Amino acid sequence: MTEPFLKVEDLCMTFRDRKGGLDVLRGINFEMNEQEFLCVLGPSGSGKSTLLRLIAGLLKPSAGRVRYNGSDTPPQVGLVFQQANLMPWRTVRQNIALPLEIMGIEKAEIERRVAEMITMIGLEGFSDSWPSQLSGGMAQRVAIARAFIQKPDLLLLDEPFGSLDALTRERMGGELLNLWQAQRTAVIMVTHSISEALLLSDRVLVFSRRPGSIARDVSVGLMRPRKEELRYTPEFQNLERNLRSTLQ
Amino acid sequence: MANYNHQEQTDLRLQSTDKPALEYLARRNGWLVAVSLVLFVVLWDRIVNWGHLPAFLLPAPQAVWKKLVTMISNGMLLDHAWVTLYEVLLGLALGSLLASLIGYALAKSPLLEKMFSPYLVASQAIPTVAIAPLLVIWFGPGVFSKILVCAMTVFFPILVNTMIGFRAVPENLGDLMRSMRATRLQKLRYLEIPSALPVLFGGLRIGATLSVIGAVVGEFVGSDQGLGFLINVGRGQYDTPLVFVSIFTLILMALCLYGIAMIVERRITRWKTIHRD
Ligand SMILES: Nc1ncnc2c1ncn2[C@@H]1O[C@H](COP(=O)(O)OP(=O)(O)O)[C@@H](O)[C@H]1O
Ligand SMILES: [Mg+2]
């Protein structure tokens, strides 16, 4: 039997503090395959960000474990947060190039791949801009490009469009889908928007209140490629209603 | 963008030690400075004239000018200024090297900080002038003891700025570097140093002017060369023009160092001064 790409086993997380501890995650179990797009919905404070940090290997769990293809070492991950978190002292081009520089890839290759990526996210002409000169949406595009450029095995997105206006948000969801369709990595994305989760993902995990556990695990069987118009189909609206009822 | 929150949870009373006044001065229009300089000299000349002040109290500008010309032509000024500059620069280099290494260690390790910060704070209670004689006794009247005095003078402000700079490195970027499996050295090179650089430069800029003060203090205490030594000689012989020439040279030196540090800083932190239009 082959090992699943990602397997989360009885994962628990308690943050120690002076007053004992804060139970944040309790008994999380799920598996995903290497091309899956997974969305996580849940009340704030239910440990969604903590789950991503555990999967990225940035935190050690209090109990349980995360297995990657049957091993304990995390694969190449790309991280995107709610804030773009660009390095303000690096230009757009240099920010996108960062993961490749750290991997020690040769200069010409870096330049080629970065230029290609900048075209893909539609930021030609902004290559040499500083992050402080970008709008929120542009900065977040750069952050996504930075996560994609290293061709990660797993992409972890923590409310990546949370600070954008509704229109930009919709457009960027579409762009993310395009990038994902081109590279087909596994994605785990935390979001607050039910419709965003349904439009983008193959599967939605719904978290309970803190301490977070998986209240529902819903497959989204909608056809790909998906378009905005999907929102108005009865299928979509049923799923949406269904999820909304669990979240309340 | 407020990347550097200067509030710190450390035992040291950390404050960014900056001198906005000097930067403000440097930013004024050149010609305004020139006008005020001319006014200053004219006023000085008038005071000497109307007050009938003897030269050993306040020499006329012309007398100082004549002294300056002689001192330049016989090479005396450059010789002594060079010695002082040498002490200032080496002291600054030594002091900032030590301060940034120790500052980095303290910023990274709360344990080290708890162990050493009481000494560091206590050391600030002792004025450099009180230590300088000891250094001269221990290391002789040559340039080496002066370099140590300079290093001591610049140490603390640069240390504080280093700690503030490295503490303010955004945590999310640290996570990002870890997720990319950056080595410790790569983290230092790609994240910590660039992020701390503006604050480090702030420290260096202040250090540059403090180092000049340190050199003069050291030379006062015991030396046979340098601008501080010349001031001492001038005092002994009531050669006030000599004192004035030396003081002006020191001011010029401090301003130049400050200016150079500022220009380099602007160059390197260009991204900070560009904003969305
Ligand atoms: N490093 C930490 N130390 C202590 N408590 C933490 C830490 N990280 C997160 N928490 C707490 O864990 C809880 C869940 O946080 P988080 O995972 O960010 O939730 P979510 O992303 O679902 O909103 C919050 O109450 C938060 O304060
Ligand atoms: Mg969160």
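Residues numbered from 1 in each chain as written. Chains lettered and ligands numbered in written order. Predicted model: local features only at pLDDT ≥ 70, side-chain atom pairs only at ≥ 80, totals over all residues. Heavy atoms only, no water.

S.K.: In this structure, what is going on with the site of ligand 1? I would like to understand it.
M.R.: Residue and element names in this part refer to chain A. Around ligand 1, the surrounding shell consists of Phe15, Leu22, Val24, Pro43, Ser44, Gly45, Ser46, Gly47, Lys48, Ser49, Thr50 and Arg210. Measuring from an oxygen atom of ligand 1, one finds a backbone N or O atom of Gly45 at 2.7 Å. In the model, an oxygen atom of ligand 1 is placed 2.6 Å from a nitrogen or oxygen of the Ser49 side chain. Against a free-state accessible area of 560 Å², the protein chains account for coverage of 61% of ligand 1. Those elements that place two or more of their residues in the shell around ligand 1 are strand S2 (20-32) and helix H1 (48-55). It is H1 that contributes the most residues to the shell around ligand 1, 3 residues altogether. (Near = heavy atom within 4 Å. Polar contact = N/O pair within 3.5 Å; in protein donor to acceptor, adjacent residues only side chain to side chain. Areas by Shrake-Rupley, 256 points an atom, 1.4 Å probe, with all protein chains shown as cover. Helix = DSSP H or I, 4+ residues; strand = E, 2+ residues; numbered from the N terminus.)

S.K.: What exactly am I supposed to notice about the confidence of the model for chain B here?
M.R.: Detailed reading of the predicted coordinates is not advisable wherever pLDDT is low. Residue and element names in this part refer to chain B. Put simply, chain B has an average pLDDT of 87, and 88% of its residues get 70 or more. When the elements of chain B are averaged for pLDDT, helix H1 (residues 20-27) gives the smallest value, 58, and helix H4 (residues 76-108) the largest, 96. Every residue in residues 1-19 scores below 50 in pLDDT, and together they form 43 contacts with partners more than four places removed in sequence or on other chains. Across the whole predicted complex the pTM is 0.84, and at the interface the ipTM reaches 0.87. (pLDDT = per-residue confidence, 0-100. Contact = heavy atoms within 4.5 Å.)

S.K.: Hey, could you run me through the nonpolar core in this one?
M.R.: A general feature of soluble globular proteins is that nonpolar side chains tend to end up buried together. Among the nonpolar cores identified, the biggest contains 51 residues, and Phe37, Ile96, Leu176, Met189 and Val204 of chain A are the most heavily contacted of them. Ranked by the residues each element gives to this core, the list is headed by helix H4 (residues 136-149) of chain A, at 9 residues. Counting residues in each nonpolar core, the second largest holds 45 residues, with Val8, Val66 and Trp130 of chain A together with Val169 of chain B among its members. (Core = buried A, V, L, I, M, F, W, Y, C linked by side-chain atoms within 4.5 Å. Buried < 20%, exposed > 50% of the residue type's maximum accessible area, 1.4 Å probe, protein only.)

S.K.: Explain the interface of chain B and chain A here, please?
M.R.: How big an interface is tends to be stated in terms of accessible area lost as the parts join. On the chain A side, the residues contacting the 22 residues of chain B number 25 residues. Both faces considered, chain B and chain A share a buried interface measuring about 2400 Å² in area, 63% of it formed by carbon and sulfur atoms. Among the salt bridges present, the one from Asp175 of chain B reaches Arg53 of chain A, with a minimum N-O distance of 2.3 Å. The interface formed by chain B and chain A includes 5 residue pairs in polar contact (both at pLDDT 80 or more). (Buried area = accessible area lost by both parts, 1.4 Å probe. Salt bridge = Lys/Arg side-chain N within 4 Å of Asp/Glu carboxyl O.)

S.K.: Looking at this model, I keep getting lost on the packing of aromatic side chains. Mind explaining?
M.R.: The way to describe two aromatic rings as a pair is by their centre distance and the angle between their planes. Counted under the stated rule, the structure contains 10 aromatic pairs over all chains. On the basis of an interplanar angle of 70 degrees and a centroid distance of 6.1 Å, the ring pair of Phe244 of chain B and Phe248 of chain B is categorised as edge-to-face. Taken together, the residues Phe244 of chain B and Phe248 of chain B, both in helix H11 (residues 240-268) and 4 residues apart, mark about one turn of the helix. In this structure, Arg184 of chain A packs its charged tip against the face of Trp180 of chain A, placed 4.2 Å from the ring centre. Above the plane of the ring of Trp50 of chain B lies Arg46 of chain B, whose end atom (NZ or CZ) is 5.5 Å from the centre. (Phe/Tyr/Trp six-rings, centres within 6.5 Å; stacked < 30°, edge-to-face > 60°. Lys NZ or Arg CZ within 6 Å of the ring centre and 35° of its normal.)

S.K.: So what exactly am I meant to see when it comes to the side chain of Lys48 of chain A here?
M.R.: Residue and element names in this part refer to chain A. Examined against the element boundaries, Lys48 turns out to sit in helix H1. We note that Lys48 is buried and unpaired, the nearest opposite charge coming from Glu159 at a distance of 4.8 Å. Not counting the four nearest positions on each side in its chain, Lys48 is found in contact with Val40, Leu41, Gly42, Pro43, Val190, His192 and Phe207. (Lys, Arg positive; Asp, Glu negative; His and termini not counted.)

S.K.: Would you mind showing me how to read the state of the cysteines here?
M.R.: A disulfide bridge is the covalent bond that connects two cysteines by way of their sulfur atoms. Residue and element names in this part refer to chain B. Taken as a whole and judged by the stated rule, the model has 0 disulfides over all chains. Distance from the sulfur of Cys150, which forms no disulfide, to the nearest cysteine sulfur (Cys256) is 17 Å. By relative accessible area, which is 42% here, Cys256 ends up partly exposed. (Disulfide = S-S within 2.5 Å.)

S.K.: Which parts of the structure should I look at to understand the packing of helix H8 (residues 171-179) of chain B against helix H9 (residues 184-221) of chain B?
M.R.: Residue and element names in this part refer to chain B. One can describe the packing of H8 onto H9 by two numbers: an axis separation of 11 Å at closest approach and a directional angle of 140 degrees. Taken together, the axis directions place H8 and H9 in an arrangement best described as oblique. The crossing of H8 and H9 is right-handed. Within the contact between the two elements, H8 uses Leu173, Gly174 and Met177 and H9 uses Gln186, Lys187, Tyr190 and Leu191. Of the residues belonging to the contact of H8 with H9, the class tally is 4 nonpolar, 2 polar and 1 charged. (Axes fitted to C-alpha atoms, helices over the stretch in contact; angles between N-to-C directions. Parallel < 35°, antiparallel > 145°, perpendicular 65-115°, else oblique. Left-handed = near helix turned anticlockwise from the far one by under 90°. Nonpolar A, V, L, I, M, F, W, Y, C, P; charged D, E, K, R; others polar.)

S.K.: Quick question: what am I supposed to make of H1 of chain A here?
M.R.: One turn of the α-helix equals 3.6 residues, which is why residues spaced by three or four share an orientation. With 6 of 8 residues buried, H1 of chain A lies mostly within the body of the structure. Taken from the residues just after H1 of chain A, Gly57 of chain A is the one with a positive phi, measuring 80 degrees.

S.K.: Hey, could you run me through the environment of Gln83 of chain A in this one?
M.R.: Of note, Gln83 of chain A is situated in the loop between strand S5 (77-80) and helix H2 (92-103). Sequence separation between Gln83 of chain A and Ser44 of chain A is 39 residues, and the spatial gap between their C-alpha atoms is 16 Å.

S.K.: Would you explain a nonpolar patch on the surface in this entry?
M.R.: Residue and element names in this part refer to chain B. Residues Phe40, Val41, Ile247, Phe248, Ile251 and Leu255 make up a contiguous nonpolar surface patch of about 500 Å² in total accessible area. Where the nonpolar patch is concerned, the elements lending two or more residues are helix H2 (30-51) and H11. At 4 residues, H11 tops the list of elements feeding residues into the nonpolar patch. According to the relative accessible area criterion, Phe248 is partly exposed, its value standing at 34%. (Patch = residues over 30% accessible without salt bridge, like charges linked within 9 Å, V, L, I, M, F, W, Y side chains within 5 Å.)

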